[in-house]
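For reference, the chains in residue letters:
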Amino acid sequence: MTGEEAYYGNPQSVAAMKRSAALWSLVRDDPRFAYYGRLVGLSQPVDDTADVLAALARVQGAAPCYFFPKTQTPALFAELEARGLSTDRHEHFLGGEEAYAVSRQALSDYAMPADLTVRELDADTPGCVVAETADLMESCEVMPVPAAMLRGQQRNGACLVATDEAGQPVATASSFFMHPTDGPHATTVFWGMLATRPDRRGEKIALLLGARMIVHMWEKKGARAFMTGVRESNASSTALCNRLGVYDTAYTYAVCVDAGTMGRKSVTK
Ligand SMILES: CC(C)(COP(=O)(O)OP(=O)(O)OC[C@H]1O[C@@H](n2cnc3c(N)ncnc32)[C@H](O)[C@@H]1OP(=O)(O)O)[C@@H](O)C(=O)NCCC(=O)NCCS
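Because the structure is predicted, anything quoted here is derived from the model rather than measured.

A. Main features of the environment of Ala-114. With respect to the helices and strands, Ala-114 occurs in the loop between α5 (97-109) and β5 (117-120). Exposure remark for Ala-114: the 7 C-beta atoms within 10 Å place this residue in the exposed category. Between the C-alpha atom of Ala-114 and that of Glu-165, which follows or precedes it by 51 residues, the distance is 9.7 Å.

B. Highlighting the UniProt feature "domain: N-acetyltransferase" (unreviewed entry) in the chain. The positions UniProt marks with the feature "domain: N-acetyltransferase" (unreviewed entry) are residues 155-245. Measuring from the first to the last C-alpha atom of residues 155-245 gives 24 Å, for a span that is 29% helix and 34% strand.

C. Region of interest: the site of the ligand. Contacts to the ligand come from 24 residues, most closely from Thr-196, Arg-201, Ala-206, Leu-207 and Ala-239. Going through the elements one at a time, β8 (188-196), α8 (205-221), β9 (225-230) and α9 (235-243) are the ones with two or more residues in the shell around the ligand. Per-element accounting of the shell around the ligand gives the leading share, six residues, to α9. Looking at the shell around the ligand, its residues break down into 12 nonpolar, seven polar and five charged.

D. Region of interest: the environment of Gln-44. Turning to its location among the elements, Gln-44 is positioned in the loop between β2 (41-42) and α3 (49-60). Classification of Gln-44 as partly exposed rests on a count of 18 C-beta atoms within 10 Å. In sequence terms Gln-44 and Arg-151 are 107 residues apart; their C-alpha atoms lie 27 Å from each other. If near-sequence neighbours (up to four positions away) are discounted, Gln-44 is found in contact with Tyr-66, Phe-67 and His-185.

E. Summary view of the pairing of strand β4 (residues 86-95). Among the 10 residues of β4, eight are classified as buried, and the element is accordingly described as predominantly covered. With five bridges joining them, β4 and β9 adopt antiparallel strand pairing. Across the sheet, Gly-95 pairs through a bridge with Phe-226, a residue of β9.

Conventions adopted
- Residues numbered from 1 in each chain as written.
- Predicted model: local features only at pLDDT ≥ 70, side-chain atom pairs only at ≥ 80, totals over all residues.
- Helix = DSSP H or I, 4+ residues; strand = E, 2+ residues; numbered from the N terminus.
- Buried ≥ 20, exposed ≤ 12 C-beta atoms within 10 Å, placed from the backbone.
- UniProt positions renumbered as here; feature names shortened; annotations may be inferred.
- Near = placed C-beta within 6 Å.
- Nonpolar A, V, L, I, M, F, W, Y, C, P; charged D, E, K, R; others polar.
- Contact = placed C-beta atoms within 7 Å.
- Pairing = 2+ DSSP bridges.

Pasting the structure below:
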């Protein structure tokens, strides 16, 4: 795999992911941290959350703290902003056994449109297919993760893509283990990066790909909870998550951004 093929997205995102990959190579055994290819973040709050987030953001451009209580988010953000940093948040959605049951039901109730073929990206997938899948994410304002993640080579997980008869990606979904293996969230996996090409929306393609991903991760990989960050304003994503038993919680993804390093004030949609 060439260096050109390893990262996708706009130059700011690629630069941030290269910094985070370098940082992850140094801190991967530290039980405070979680990572699935975008940014090293805190797996959950720690005593000095603001200090750690600020340091991670200064190095990478941005850093999330997962499982951060909604009620404490305004105070954390005020503290970070007082240090000259920017902040951003996604609502912390989570699903468990109900998500697995609902996903199995969806797969038995509905079928993928007959012209689509679903494949899992792996080491043998042609680079152009991986790149076109990443392009689809990017065109739907979803930040793609590096090729090694999408191909399932870096962390345990998978990226599914549905392609049409011309071989073009129509929709995609991903899920990866991301938390420390000895911590309380060891079997809570990232699930998401759902994107459907605009001309194919409304055909239950994302529903079925998302469901397939949940069932795969539960049955084959031992995942027991599915987490994803949803912007409060993203009604279609919220509806899709809820449809699959993945709901908002009392937590946020509390994100600290060093706009000077990141080049912008948010990370992804
Ligand atoms: C969100 C997205 C992936 C949905 O793709 P899709 O293939 O059209 O979704 P589906 O047809 O499978 O819809 C499944 C369910 O999602 C919900 N849904 C999808 N689009 C919706 C919309 N525009 N408004 C409200 N609900 C919507 C519905 O509950 C639907 O179930 P139903 O058909 O039983 O009503 C697509 O709109 C997209 O790519 N958006 C941009 C990227 C994005 O926001 N991704 C999520 C990031 S977390």
